[in-house]
Amino acid sequence: MPLRLQPRGAGTKSAAASASSSSPAAPAPPAPSGRRPPPAAREPPAGPKPLLRWDEVPDDFVECFILSGYRRLPCTAQECVASVLKPTNETLNFWTHFIPLLLFLSKFCRLFFLSGRDDLPFHHPWLLPLWCYASGVLLTFAMSCTAHVFSCLSLRLRAAFFYLDYASISYYGFGSTVAYYYYLLPGLSLLDASVMTPYVQQRLGWHVDCSGLIAAYRALVLPVAFVLAVACTVACCKSRGDWCAYPFALRTFVFVMPLSMACPIMLESWLFDLRAENPTLFVHFYRRYFWLVVAAFFNVSKLPERIQPGLFDIVGHSHQLFHIFTFLSIYDQMHYVEEGLRQFLEAPPAAPTLLGTVGYMVLLVLCLALVIRRFLSVADLCKED
């Protein structure tokens, strides 16, 4: 269970504050000639606000085993932006997703606008699933950067930004499922009734027509993924409450759930020779899930800062490592989604519809917005600074 550090002397802070506010401060004695005034009589130096320790910030800002490098609350927007160039405990959280954001933005610009194919403009219906996937990837990196930079504007805005961060991850997960549905799943033998029906009869001796089951799966995969995206956002927003003893473990488990929509690819590799049929998909698919396992390990274990609290406050703590490995997982995913697009364009089974791609994404945005609005309306999560 991740240990949450409790501020030292928390019980005396309010008493000391009330005592100091109820009685007038005694005037400082005049400084002797030729001497500097005592520290209490000097004005604080002008300039940037100093960084704080864990026992100098509100409990909601304290991260497990991170002892220093906290920004003062509240900061202005300008101070938040300037802090990305200072050694705070959020600086590398920003850069480990901002650099991937630029990389993927460049990659998608080349795919949509610089592909060199005059017969495939960026608005072609065949590219609609790729637009859904691209918007999910870019949004999740952009929202993560925003949440980490502006999390010290106020308590309420901190909660709002992290709710939006959770929603963007769910949006990305559903966008990935849309890309899988059109570009990857149609090429699987597992979802081809003409292959699976004789396969089941030969291996199991069952005389079953698999066409009905496959048709049912195809009809349900996007609605189920949609419901999972909304449910995951609700669970992660609730994990920020005091009732949740294992918030990082819960969030990690919740965001693993949508990955189950890729199970057909895994089953394909077990039942058929996916390595030979589609080596790009095989290699990058399993390497992606290796990176995700490593990312989940760091996110739940809180290593290495759990071993030596204070040593990794600025560089090397678990959330930075979590960002790096999630980036690597999406980078591998991008490889096999692009390969799936190439195979799809060679022989498209059916043109994606606007309603079945962008329509789903717009509806999901509306549902996620309602979820976030609902949680922000809860009184104990909407305290202004």
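Residues numbered from 1 in each chain as written. Predicted model: local features only at pLDDT ≥ 70, side-chain atom pairs only at ≥ 80, totals over all residues. Heavy atoms only, no water.

Quick look at the overall build of the protein chain now. Of the regular secondary structure elements, the protein chain holds 13 helices and zero strands. Taking all 385 residues of the protein chain together, the buried fraction comes to 45%. A sequence separation of at least 24 residues applies to 73% of the contacts in the protein chain between residues at least 6 apart. Taken as a whole, the protein chain presents about 20,100 Å² of accessible surface, with 68% of it coming from carbon and sulfur. (Helix = DSSP H or I, 4+ residues; strand = E, 2+ residues; numbered from the N terminus. Buried < 20%, exposed > 50% of the residue type's maximum accessible area, 1.4 Å probe, protein only. Contact = heavy atoms within 4.5 Å. Areas by Shrake-Rupley, 256 points an atom, 1.4 Å probe, with all protein chains shown as cover.)

On to a nonpolar patch on the surface. Side chains of Leu-354, Val-358, Val-362, Leu-363 and Leu-366 sit close together on the surface and give an oily, nonpolar patch of about 440 Å² of accessible area. Mapped onto the fold, Val-362 is located in helix 13 (residues 355-376). The exposure class of Val-362 is partly exposed, given its relative accessible area of 47%. (Patch = residues over 30% accessible without salt bridge, like charges linked within 9 Å, V, L, I, M, F, W, Y side chains within 5 Å. Salt bridge = Lys/Arg side-chain N within 4 Å of Asp/Glu carboxyl O.)

Another aspect to go through is the UniProt feature "transmembrane region" (unreviewed entry) in the protein chain. The feature "transmembrane region" (unreviewed entry), as annotated in UniProt, sits at residues 94-114, 126-150, 162-183, 215-236, 248-267 and 351-372 in this numbering. For residues 162-183, the end-to-end C-alpha separation is 31 Å, with 100% helix and 0% strand making up the annotated structure. Span residues 351-372 is 82% helix and 0% strand, its end C-alpha atoms 34 Å apart. (UniProt positions renumbered as here; feature names shortened; annotations may be inferred.)

Turning next to the UniProt feature "binding site: Zn(2+)" (unreviewed entry) in the protein chain. UniProt feature "binding site: Zn(2+)" (unreviewed entry): in the numbering of this structure it lies at His-148, His-319 and His-323. On the basis of their most widely separated C-alpha atoms, the annotated residues across 176 residues gather in one place, lying no more than 11.8 Å apart. Positionally, His-148 belongs in helix 4 (residues 128-149). What makes His-148 buried here is its relative accessible area of 4%. Those residues in contact with His-148, other than ones at most four positions away along the chain, are Arg-71, Glu-90, Asn-93, Phe-162, His-319 and His-323. Tracing the sequence through the fold places His-323 in helix 12 (residues 318-346). Taking relative accessible area as the criterion, His-323 reaches 2% and is therefore assigned buried. In this structure His-323 touches Asn-93, Thr-96, His-97, Ser-144 and His-148, once residues within four positions along its chain are discounted.

Below, the discussion takes up the pattern of salt bridges. A complete count under the given rule lists five salt bridges for this structure. Measuring nitrogen to oxygen at the nearest pair gives 3.2 Å for the salt bridge that ties Arg-158 to Glu-63. Placement of Arg-158 in helix 5 (residues 155-184) and of Glu-63 in the loop between helix 1 (10-22) and helix 2 (77-82) is noted, with a sequence separation of 95 residues between them. With a shortest N-O distance of 2.5 Å, Arg-342 and Glu-346 are connected by a salt bridge. Of this pair, Arg-342 and Glu-346 are both found in helix 12, four residues apart, which corresponds to roughly one turn of the helix. The exposed category is assigned to Glu-346, whose relative accessible area is 57%.

A few words now on the state of the cysteines. Considering all chains together, one arrives at zero disulfides under this definition. Left unpaired, Cys-80 is separated from the closest cysteine sulfur, that of Cys-152, by 3.6 Å. For Cys-80, a relative accessible area of 0% corresponds to the buried category. (Disulfide = S-S within 2.5 Å.)

Another point: the nonpolar core. Membership of the largest hydrophobic core comes to 96 residues, with the highest contact counts inside it found for Phe-104, Phe-108, Leu-130, Tyr-133 and Phe-174. No other element matches the 17 residues that helix 5 contributes to this core. Apart from the residues lying within four places of it in its own chain, the contact partners of Phe-108 are Leu-130, Tyr-133, Ala-134, Val-137, Leu-138 and Met-334. Core analysis: the next-biggest nonpolar cluster, separate from the first, contains five residues, Val-294, Ala-295, Phe-298 and Phe-325 among them. (Core = buried A, V, L, I, M, F, W, Y, C linked by side-chain atoms within 4.5 Å.)

Next up on the list: the packing of helix 4 against helix 12. With their axes 11 Å apart at the nearest point, helix 4 and helix 12 run at an angle of 170° to one another. With respect to helix 12, the axis of helix 4 lies roughly antiparallel. Across from Leu-130, Tyr-133, Val-137, Phe-141, Ser-144 and His-148 in helix 4, the residues of helix 12 making contact are His-319, His-323, Phe-327, Ile-330, Gln-333, Met-334, Val-337 and Leu-341. Broken down by class, the residue content of the contact of helix 4 with helix 12 amounts to nine nonpolar, five polar and no charged. (Axes fitted to C-alpha atoms, helices over the stretch in contact; angles between N-to-C directions. Parallel < 35°, antiparallel > 145°, perpendicular 65-115°, else oblique. Nonpolar A, V, L, I, M, F, W, Y, C, P; charged D, E, K, R; others polar.)

If you want to describe how two helices pack, look at the angle between their axes and the distance between the axes. One can describe the packing of helix 3 (residues 91-113) onto helix 12 by two numbers: an axis separation of 8 Å at closest approach and a directional angle of 10°. The pairing of helix 3 with helix 12 is recorded here as roughly parallel in orientation. Residues Leu-92, Asn-93, Thr-96, His-97, Pro-100, Leu-103, Phe-104, Lys-107, Phe-108 and Leu-111 of helix 3 form the contact with helix 12, whose own contacting residues are His-319, Gln-320, His-323, Ile-324, Thr-326, Phe-327, Ile-330, Tyr-331, Met-334 and Glu-338. Tallied by class, the residues present in the contact of helix 3 with helix 12 amount to 11 nonpolar, seven polar and two charged.

Attention shifts here to the side chain of Asn-89. Its place among the elements puts Asn-89 in the loop between helix 2 and helix 3. A residue is classified by how much of its surface remains accessible, and Asn-89, at 7% relative accessible area, is buried. Once residues lying within four places of it in the same chain are set aside, the contact partners of Asn-89 are Ile-66, Ser-68, Gly-69, Tyr-70, Asp-313, Ile-314, His-317 and Gln-320.

One pass over the structure, following the stated rule, counts 32 aromatic pairs. Each ring, one from Phe-94 and one from Trp-95, has its centre 5.0 Å from the other, and the planes form 80°; the classification is edge-to-face. Put simply, the rings of Phe-104, Phe-108, Phe-112, Phe-113, Phe-122, Trp-131, Tyr-133, Phe-141, Phe-327 and Tyr-331 pair up and form one aromatic cluster. It is Arg-158 that lies over the ring of Phe-61; its NZ or CZ is 4.3 Å from the centre. The ring of Tyr-289 carries the charged tip of Arg-288 above its face, separated from the ring centre by 5.5 Å. (Phe/Tyr/Trp six-rings, centres within 6.5 Å; stacked < 30°, edge-to-face > 60°. Lys NZ or Arg CZ within 6 Å of the ring centre and 35° of its normal.)

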